[in-house]
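A closer look at the structure
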Amino acid sequence: ASLRTEKFDYIVVGGGTAGCILANKLSADGNKKVLVLEAGPSGDAMEVAVPAGIARLFAHPVLDWGMSSVTQPQLVAREIYLARGRLLGGSSGTNATLYHRGTPADYDSWGLEGWTGKDVLDWFIKAECYADGPRPFHGQSGSMNVEQPRYQNVLHDEFFRAAAAAGVPANPDFNDWSRPQEGYGEFQVAQKKAERADTYRTYLKPAMGRDNLKVVTGARTTKVNVEKGSAGPLARGVEYATQQFGERYTAELAPGGEVLMCAGAVHTPHLLMLSGIGPASALLEHGLDVVANLPGVGANLQDHPAAVLAVRSKPEFEGLSVTSEIYDAKGNIRVGAVIKYLIGRNGPLATTGCDHGAFVRTSAAHSQPDLQMRFVPGCALVADGVKAYVAFGELKKQGCAWPGGITLQLLAIRAKSKGSVGLKAADPFTNPSININYFSDPEDLATLRNGVRFAREIVAQEPLHKLLEEETFPGERIASDTDIEEYVRRTVHSGNALVGTCAMGISPASGAVVSSADLKVFGVQGLRVVDASVLPRIPGGQTGAATVMVAERAAALLLGQTTIAPHREPVCA
Ligand code: FAD
């Protein structure tokens with residue numbers, strides 16, 4: 001049957017991190033018809049599967065949305081590039097694969113029944129398949145593959161020794177919630193034997209053959225169709241356009257069906273607004289009918305702003321860097337690296353480059369780490385850490401060697417600044433206006449400034465000092481607080497952790513867009529949001545694991561649970 005006549009129990013808008021999970025779970029018993037509409041192509045490309053391929057995914061002409069923020073006056077009038085995956089698997093197919101849950105206090109701080117640290121822990125464990133266990137606080141029977149990073153470099157060891165010398169404790173497992181998050185150590189990764197374990201590979205692909213699951217790629221949803229029924233607004237389906245032919249289609253819900261918004265923290269609020277769901281004044285300004293006045297749609301945007309400290313190695317140690325291990329002097333990928341990857345499932349191609357590091361408090365005033373340090377055993381050639389990856393991915397074009405050294409990418413992981421996603425136009429093909437608004441809370445700038453200072457302290461310790469020479473970024477002459485802050489404003493980039501733009505909560509009066517009891521959009525029936533946009537406050541770690549946790553819970557909810565139930569201790573006989 002054509003999509004014009006076929007009706008679906010669930011229409012999943014966006015086959016990304018959360019969308020692939022829902023697609024699998026909701027189609028598993030064969031009773032429900034599920035449609036997934038994904039704007040991008042499949043996630044099968046080699047640069048997606050091989051972790052080091054990440055350098056080619058930033059700003060990718062097809063697999064990335066290529067979005068930037070609006071001009072930021074406080075960041076010397078720059079636009080900030082905001083990477084977002086555009087493929088089946090979404091940003092789990094283009095991210096750095098780091099597996100961090102944050103801490104129980106992150107979730108407790110939401111103040112929402114059913115979402116405390118204790119509640120979410122069960123779901124993190126349930127979702128996980130940890131390969132190097134058993135280990136407390138980890139699961140081994142879920143679908144999300146997690147393992148210890150497989151690429152080892154002597155510079156990692158020297159970083160650990162330098163961090164210890166600077167007073168940082170060792171932390172053998174950042175996801176072990178019986179201990180504080182602080183410390184240095186390996187970051188676990190969402191990989192399976194050194195292959196990226198995005199949700200396309202782990203959840204959707206195994207389900208693709210099911211008769212009751214239809215996945216359409218190259219299908220950009222342009223609107224949720226909402227009927228103003230007697231019992232209030234009701235979602236009836238969606239409109240979408242195929243990218244290839246520019247044709248417009250409608251997909252309809254079967255009676256009682258639901259549209260599940262999984263387009264991510266930028267596109268979900270954008271699509272809701274295009275559908276008349278959002279702040280009434282902004283909708284009216286663009287000539288859109290107001291279906292539901294929800295001021296929280298697009299508000300509350302949060303991210304991890306980041307800055308780098310980079311230091312060149314002494315000439316005799318050039319060869320130690322991951323960059324030298326991948327590329328030869330002419331910018332060709334070394335055959336040895338390929339063989340190591342294919343046969344040993346390790347070596348420099350097995351890493352996204354930043355899977356070792358530390359979580360620290362830059363001042364005693366913080367009760368939890370405010371800074372994550374991602375240690376890269378290679379020297380950033382550009383102070384914008386994201387653009388440094390792009391430059392690395394393009395090295396072959398330049399046909400030259402990459403100098404050795406190290407980089408510490410510093411992220412304000414419990415940033416308090418808030419921005420917004422708003423309408424630029426009523427045209428669905430015009431990207432929304434994203435005001436990332438870093439440093440609207442000055443504490444975030446202080447974290448990165450202090451982070452630069454602390455990174456210098458680590459680099460000055462003998463284990464690293466003996467290998468290194470010139471600090472390239474910020475550069476030694478940048479020494480005063482004012483100069484470091486100026487450097488941070490000039491070079492700050494995204495830690496790629498956008499969340500919060502359709503926050504869950506108790507009621508729209510508090511800015512919430514969906515109910516924390518069931519993720520339903522307030523005031524519209526048949527419509528839920530299940531993706532990173534529902535996280536009301538950013539967790540202190542990368543946001544992929546939290547998104548998976550939300551999607552796993554949502555699937556359980558749709559499969560029978562009536563509301564998000566709080567964690568209960570087992571009752572002993
Ligand atoms: P996404 O996974 O982005 O999925 C949204 C999907 O919707 C995409 O496939 C998109 O193409 C599709 N879509 C959007 N609009 C439409 C439309 N109109 N019609 C149809 N389809 C549409 N997290 C970690 O845990 N660890 C990391 O190391 C890490 N590093 C990151 C590095 C980068 C470069 C990026 C971009 C993110 C990183 N993150 C990381 C964050 C993490 O990947 C995201 O928080 C998470 O993937 C968000 O999931 P989501 O389901 O909300 O959105």
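The structure reproduced in this document is the subject of the present report. As the structure is a computational prediction, the values presented were derived from the model and not from experiment.

What counts as what
Along each chain, residue indices are assigned from 1 in the same order as the chain's sequence is written. Residue-level local features of this predicted model are given only where pLDDT is at least 70; pairs of side-chain atoms are given and counted only at 80 or more, and the full residue set underlies all totals for whole chains, interfaces and linings. Water and hydrogen atoms play no part in the side-chain values, which are based on all heavy atoms of the structure. Labels follow the DSSP assignment, with helices taken as runs of H or I lasting at least four residues and strands as runs of E lasting at least two, numbered in each case from the N terminus. Throughout, radius of gyration means the C-alpha value; the globule benchmark is 2.2 Å times the number of residues raised to the power 0.38. We call two residues contacting when some pair of their heavy atoms lies within 4.5 Å. Accessibility throughout is a Shrake-Rupley quantity obtained with a 1.4 Å probe, and a residue counts as covered only by protein chains that appear here. Positive charges are assigned to Lys and Arg, negative charges to Asp and Glu, while His and the chain termini are left out of the count. A charge is said to be at NZ when it belongs to Lys, at CZ for Arg, at CG for Asp and at CD for Glu. When at least one non-hydrogen atom of a residue lies within 4 Å of a molecule or strand, that residue is treated as near it. Two N or O atoms count as a polar contact when they lie within 3.5 Å, although within protein this holds only if one can serve as hydrogen donor and the other as acceptor, and sequence-adjacent residues are included solely when both atoms are side-chain atoms. The classification used treats Ala, Val, Leu, Ile, Met, Phe, Trp, Tyr, Cys and Pro as nonpolar, Asp, Glu, Lys and Arg as charged, and all other residues, Gly among them, as polar. Think of a 1 Å grid over the protein atoms and nothing else: a 1.4 Å probe that fits but is trapped marks a cavity, an open set flanked by protein within 12 Å on at least five of seven lines marks a pocket, and residues with an atom within 4 Å of a point count as lining. Grid points are joined across faces, edges and corners, and a volume is the space filled by probe spheres set on the points. To obtain each axis, a line is fitted to C-alpha atoms, and for helices this fit is confined to the stretch in contact; angles are then taken between N-to-C directions over 0 to 180 degrees. Roughly parallel means an angle under 35 degrees; roughly antiparallel, over 145; roughly perpendicular, 65 to 115; everything else is oblique. Three labels apply to residues, based on accessible area from a 1.4 Å probe with only protein chains included: buried if under 20% of the type maximum, exposed if over 50%, partly exposed otherwise in between. The aromatic pairing rule takes the rings of Phe, Tyr and Trp, using the six-membered ring of Trp, and pairs them if the centres are within 6.5 Å, calling planes under 30 degrees apart stacked, those over 60 edge-to-face and the rest tilted. Think of it as a cone above the ring: NZ of Lys or CZ of Arg counts as a charge over the ring if it is within 6 Å of the ring centre and within 35 degrees of the ring normal. Each patch is built from residues lacking any salt bridge and having more than 30% relative accessible area; the joining distance is 9 Å for like charges and 5 Å for nonpolar side chains (Val, Leu, Ile, Met, Phe, Trp, Tyr). Here, a salt bridge means any Lys or Arg side-chain nitrogen found within 4 Å of an Asp or Glu carboxyl oxygen. The crossing is said to be left-handed when, going from far helix to near helix, the turn is anticlockwise and less than a right angle, and right-handed when the turn is clockwise.

Some thoughts on the overall build of the protein
Helix and strand content of the protein: 17 helices and 26 strands. At 23 Å, the protein has a C-alpha radius of gyration in line with the 25 Å of a compact globule built from 573 residues. Along the three orthogonal principal directions, the C-alpha set of the protein runs to about 75 × 65 × 50 Å. Considering only intrachain contacts with a sequence separation of at least 6, the fraction spanning at least 24 residues in the protein is 72%. Within the structure as shown, the protein displays about 20900 Å² of accessible surface, and the carbon and sulfur contribution to it stands at 53%. Of the charged side chains in the protein, 55 are positive and 59 negative; the average position of the first set lies 3 Å away from that of the second.

Side note on the site of the ligand
For the ligand, the set of nearby residues contains 39 residues, the closest of which are Thr-17, Glu-38, Ser-91, Thr-543 and Gly-544. In the model, an oxygen atom of the ligand is placed 2.8 Å from a nitrogen or oxygen of the Ser-91 side chain. Within the side chain of Asn-95, a nitrogen or oxygen atom sits 3.0 Å from an oxygen atom of the ligand. In isolation the ligand offers 1000 Å² of accessible surface; the protein chains occlude 98% of this area. Only α1 (17-27), β11 (219-229), α8 (264-274) and α17 (544-558) provide two or more residues apiece to the shell around the ligand. Here the residues of the shell around the ligand are counted per class, giving 15 nonpolar, 19 polar and five charged.

Concerning empty space enclosed by the protein
Across all of its chains, the model carries four cavities of 30 Å³ or more by this definition. Here the second largest cavity is characterised by a volume of approximately 290 Å³. Forming the walls of the second largest cavity are 23 residues, and the residues nearest its centre are Thr-323, Gly-353, Val-376, Tyr-389 and Phe-392. Every element with two or more residues in the lining of the second largest cavity is listed here: α3 (54-57), α10 (322-326), α12 (385-393) and β19 (405-412). With four residues, the top contributor of residues to the lining of the second largest cavity is α12. Partitioned by chemical class, the residues of the lining of the second largest cavity number 15 nonpolar, eight polar and no charged.

Details of the packing of helix α5 (residues 117-127) against α17
For the pair α5 and α17, interaxial distance at closest approach is 9 Å and the crossing angle is 95°. Relative to α17, α5 is oriented roughly perpendicular. In contact with Asp-119, Val-120, Trp-123, Phe-124 and Ala-127 of α5, α17 contributes Ala-545, Ala-546, Val-548, Met-549, Glu-552, Arg-553 and Ala-556. For the contact of α5 with α17, the residue count by class is nine nonpolar, no polar and three charged.

Some points on the environment of Tyr-487
Assignment of secondary structure puts Tyr-487 in helix α16 (residues 481-491). On the basis of relative accessible area, Tyr-487 is assigned to the buried category, the value being 2%. Taking C-alpha positions, Tyr-487 is 9.6 Å from Gly-475, a pair spaced 12 residues apart along the chain.

Comments concerning the environment of Pro-508
When you line up the elements, Pro-508 lands in the loop between β24 (504-505) and β25 (514-515). Sequence separation of Pro-508 and Met-67 is 441 residues, and the distance between their C-alpha atoms is 28 Å. Those residues within four positions of Pro-508 in sequence are excluded, and the remaining contacts are Leu-294 and Phe-522.

Examining the side chain of His-366
Within the secondary structure, His-366 sits in the loop between β17 (356-360) and β18 (371-376). At 3.2 Å, the side chain of His-366 forms a polar contact with the side chain of Asp-370. Residue contacts for His-366: discarding those within four places in its chain leaves Arg-361, Glu-443 and Thr-447.

Thoughts on the side chain of Ser-515
Considering the arrangement of structural elements, one finds Ser-515 in strand β25. At 2.9 Å, the side chain of Ser-515 forms a polar contact with the backbone nitrogen of Ala-517.

Things to note about the packing of aromatic side chains
What characterises a pair of aromatic rings is the spacing of the ring centres plus the angle enclosed by the ring planes. Per the counting criterion, the structure on display carries 16 aromatic pairs. Judged by centre distance (6.0 Å) and plane angle (50°), the ring pair of Phe-159 and Phe-160 falls under tilted. Taking the relative accessible area as the measure of exposure, Phe-159 reaches 0% and is therefore buried. Overall, Phe-160 belongs to the buried group, its relative accessible area being 16%. Here the aromatic cluster, defined as three or more aromatic residues joined through ring pairs, consists of Tyr-107, Trp-110, Trp-115, Phe-124 and Trp-177. Residue placement shows Arg-345 over the ring face of Tyr-341; its charged tip is 5.1 Å from the ring centre.

Describing the environment of Thr-17
Tracing the backbone shows Thr-17 in helix α1. Classification of Thr-17 by relative accessible area gives buried; the value is 14%. For the pair Thr-17 and Val-530, spaced 513 residues apart in the sequence, the C-alpha separation amounts to 9.9 Å. With near-sequence residues (within four places) excluded, Thr-17 lies in contact with Gly-89, Gly-90, Ser-91, Ser-92, Thr-199, Thr-547 and Val-548.

A short note on a nonpolar patch on the surface
On the surface, Ile-333, Val-335, Val-338, Ile-339, Leu-342 and Ile-343 cluster together into a nonpolar patch covering about 590 Å² of accessible area. For Ile-333, a relative accessible area of 38% gives the class partly exposed.

A short note on α12
Side chains three or four residues apart in an α-helix point the same way, a direct result of the helix having 3.6 residues per turn. Within α12, seven of the nine residues are buried, which leaves the element mostly enclosed by the surrounding structure. Among all positions of α12, only Gly-385, Val-386, Ala-388, Tyr-389, Val-390, Phe-392 and Gly-393 are buried. Buried residues in α12 make contact with α3, β4 (81-82), β16 (305-313), α10, α13 (395-398) and β23 (493-494). With a side-chain oxygen positioned 3.0 Å from the backbone nitrogen of Val-386, the residue opening α12 is Asp-384.

Re the packing of α1 against α17
Interhelical geometry of α1 versus α17 gives an angle of 30° and a closest axis separation of 9 Å. Our classification of the angle between α1 and α17 gives roughly parallel. In terms of crossing hand, the pair formed by α1 and α17 is right-handed. Residue-level inspection shows Thr-17, Ala-18, Ile-21, Leu-22, Lys-25 and Leu-26 of α1 in contact with α17, the latter providing Thr-547, Val-548, Ala-551, Glu-552, Ala-554, Ala-555 and Leu-558.

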